[in-house]
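As a plain string of letters, each chain reads:
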Amino acid sequence: MERSRRDFFKTIPQTAGRVAGWTAMVQAIQAAPGLPSPNNEDYWKLVKRQFPLEDNLLYLNAANVCPASRGVLDRHLEYLRDFQSNPSFQNREKYDGLAERCRKKIAAMLRVSPDEIAFVRNTSEGANTIVKGIDLAPGDEILVTSHNHPSNLDSWKIRARRDKLVVKTLPYPVPPKSRQQLFDLYESAITPRTKVLAVTHVTSTTGVEFPARELAELARRRNLWMHLDGAQTLGALDVNLADIPCDSFAGSAHKWPMGPLEAGVLFVRASRIPEVWPSVVTAGWSDKLVGARKLEVFGQRDNPRLVALESAFDFLALVGMPHVEARMRALARRAIEGLGEHANIVMKTSSDPLLSAGVVKLELKNMAVKPAYDLLWQRHRMAIASTPEGDARGLRISPHIYNTMEEVDRAVAAVKEIAG
Ligand SMILES: Cc1ncc(COP(=O)(O)O)c(C=O)c1O
């Protein structure tokens, strides 16, 4: 092949699929080389090119905020323009149907009924809908851990202050020893006054994966309400709520689902929905609303955002949720294995694959958290998160499917460089 032609073909991998537009993105993914198996780097490099991340940014903070893919952004903008260019009731009629279509897709992914899904703004709002919405009496006990996010911890404490409830905070070692230990933690704390298990599916602090199914079965046997915080699992793990009999579950679109900001999902099991008082009641609320829809009437909604939410779930389905989970776990495992057994690195995340997912936390013996965090940003534009104090103190790395193995290796090398 002559030189210019050879050079032309060489450039294709750098540019293929790097185009805006939902349809172009779908075509690029469908034409991706091979299967989305965790080690097919060519496939995942093509996925990466669907994201508008800056070239020299080492973005490893999925547990906080994920970028939306170009296709999702494109769909969002298309519908924003549509809405703003014609806000008439006539033009907006279609959004009810689009919202229901989105509800169906999310329900199918979680293996629940669409009637059990409410659209909320985020995990926090989903959790607070439950915290404020269920009937509890003075003296009733709620079991939490200190690693719960404030939306599933401090929210219960505030409710407890108002209604004279008792919040029991359960301690566990960092990292925990076994799934059994995490299960026993809750089981052994249950008393006749216990009414709620407030559980985190995967913690944002150190990435602990709790035995959600076993705990939900326990809650069901004891007739307790179990709320499962899914902020670190919706869009990350292939969450199957038919297999995890919790009463409620909440997640945010802007994290692992790689969707828009301020769009979230609250699941409430059908049999439990009548027990939840809506936090907000305004125009559009009615006793005739079916299922969890009575928990999402917040006044005028941002309709185009729901189309972006649907697109985010379309994208996950396009790659395939089991493939997304396998790749995400493989990236995190690479980081755990790369960082472990260094004299100056203390791993806060267990090396047992059954005890963690996605989120990797570590501390350096030779440097405080803040200077290490700043140095990684200044030297490598490595965007991660940090916890300044407490037993989860350290640096948090959370890769997702838009990251390559090479990027994880670079991050590991960067941490080792400053670890000495
Ligand atoms: C475990 C967990 N729960 C809840 C939240 C709250 O999410 P949001 O701010 O999207 O409501 C977070 C955010 O990081 C989280 O990590």
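Residues numbered from 1 in each chain as written. Predicted model: local features only at pLDDT ≥ 70, side-chain atom pairs only at ≥ 80, totals over all residues.

### Comments concerning the packing of helix α4 (residues 70–85) against helix α11 (residues 303–319)
Then, in step 1: Contact geometry of α4 with α11 gives a least axis separation of 8 Å together with a crossing angle of 160 degrees. With respect to α11, the axis of α4 lies roughly antiparallel. Note on packing geometry: the crossing formed by α4 with α11 is right-handed. Contact residues: α4 offers G71, V72, R75, H76, Y79, L80 and F83, while α11 offers N303, P304, V307, A308, S311, A312 and F315.
Then, in step 2: Residues that form the contact of α4 with α11 fall into these classes: nine nonpolar, four polar and one charged. (Axes fitted to C-alpha atoms, helices over the stretch in contact; angles between N-to-C directions. Helix = DSSP H or I, 4+ residues; strand = E, 2+ residues; numbered from the N terminus. Parallel < 35°, antiparallel > 145°, perpendicular 65-115°, else oblique. Left-handed = near helix turned anticlockwise from the far one by under 90°. Contact = placed C-beta atoms within 7 Å. Nonpolar A, V, L, I, M, F, W, Y, C, P; charged D, E, K, R; others polar.)

### Remarks on the pairing of strand β3 (residues 141–145)
Then, in step 1: Within β3, four of the five residues are buried, which leaves the element mostly enclosed by the surrounding structure.
Then, in step 2: By the bridge criterion, five bridges tie β3 to strand β4 (residues 166–170) in an arrangement that is parallel. Bridging from a neighbouring strand, L143 pairs with K168 of β4.
Then, in step 3: With helix α8 (residues 154–163) bridging β3 and its parallel neighbour β4, the resulting β-α-β unit is right-handed.
Then, in step 4: Direction of pairing for β3 relative to strand β5 (residues 194–200): parallel, over a ladder of three bridges. Following the sheet pairing, L143 is matched in β5 by L197. (Buried ≥ 20, exposed ≤ 12 C-beta atoms within 10 Å, placed from the backbone. Pairing = 2+ DSSP bridges. Right-handed = clockwise from strand over helix to strand, strands pointing away.)

### Brief notes about the packing of helix α12 (residues 321–339) against helix α14 (residues 405–419)
Angle between the axes and distance between the axes are the two parameters that describe a pair of packed helices.
Then, in step 1: As a packed pair, α12 and α14 sit with axes 9 Å apart at the nearest point and diverge in direction by 25 degrees. In terms of orientation, α12 and α14 fall into the roughly parallel class. The two elements α12 and α14 cross, and the hand of that crossing is right-handed. Residue-level contacts link L331, R334, A335, G338 and L339 of α12 to M405, V408, D409, A411, V412 and V415 of α14.
Then, in step 2: By residue class, the composition of the contact of α12 with α14 is eight nonpolar, one polar and two charged.

### Description of the domain arrangement of the chain
Then, in step 1: What the domain assignment reports for the chain is domain 1 (18–70 + 320–419) and domain 2 (78–317).
Then, in step 2: Of the residues lining the interface, 28 residues belong to domain 1; the matching set on domain 2 comes to 28 residues.
Then, in step 3: Elements represented by at least two residues in the side of domain 1 that touches domain 2 include exactly α12 and β10 (360–364).
Then, in step 4: Broken down by element, the residue count for the side of domain 1 that touches domain 2 peaks at five residues, all from α12.
Then, in step 5: Classifying every residue of the side of domain 1 that touches domain 2 by side-chain character gives 17 nonpolar, seven polar and four charged. (Domains from an automatic or database assignment.)

### With respect to the sheet that holds strand β7 (residues 248–252)
Then, in step 1: Strand order across the open sheet formed by seven strands is β2-β8-β7-β6-β5-β3-β4, with mixed pairing between neighbours. Both edges of this open sheet fall to β2 (117–120) and β4, since each of them pairs with a single strand only. Geometrically, the sheet is characterised by an average inter-axis angle of 20 degrees between neighbouring strands, direction not taken into account.
Then, in step 2: Each of β5 and β6 (225–229) touches helix α10 (residues 212–221); the most contacted strand, β6, lies at about 160 degrees to it.

### Looking at helix α13 (residues 369–380)
Then, in step 1: Look at α13: 16 Å from first C-alpha to last across 12 residues, which is about the 16 Å you get at 1.5 Å a residue.
Then, in step 2: Every buried residue belonging to α13 is among A372, Y373 and L376, and all of these are buried. Projected down its long axis, α13 shows its buried positions confined to an angular sector of 100 degrees, all on one face. The outward face of α13, more than 90 degrees from its buried face, is lined by the exposed residues K370, P371, D374, Q378 and R379.
Then, in step 3: Next to the buried residues of α13 lie β10, β11 (382–383), β12 (385–387), β13 (394–397) and α14.
Then, in step 4: R381, located one to two residues past α13, shows a positive phi value of around 45 degrees. (Expected span 1.5 Å × (residues − 1). Arc of directions from axis to C-beta.)

### Focus: the sheet that holds β13
Then, in step 1: Here four strands make up an open sheet; going across it, the order is β9-β10-β13-β12 and the pairing antiparallel. Each edge of the open sheet carries a strand with a single partner, namely β9 (345–347) and β12. Direction aside, neighbouring strands of the sheet carry axes that sit 30 degrees apart on average.
Then, in step 2: Where β10 lies against β13, three bridges are found, and the strand directions are antiparallel. Residue pairing for β13: V360 is matched across the bridge by I397.
Then, in step 3: With respect to the sheet, α12 is in contact with β9, β10 and β13, its orientation differing from that of β10 by roughly 20 degrees.

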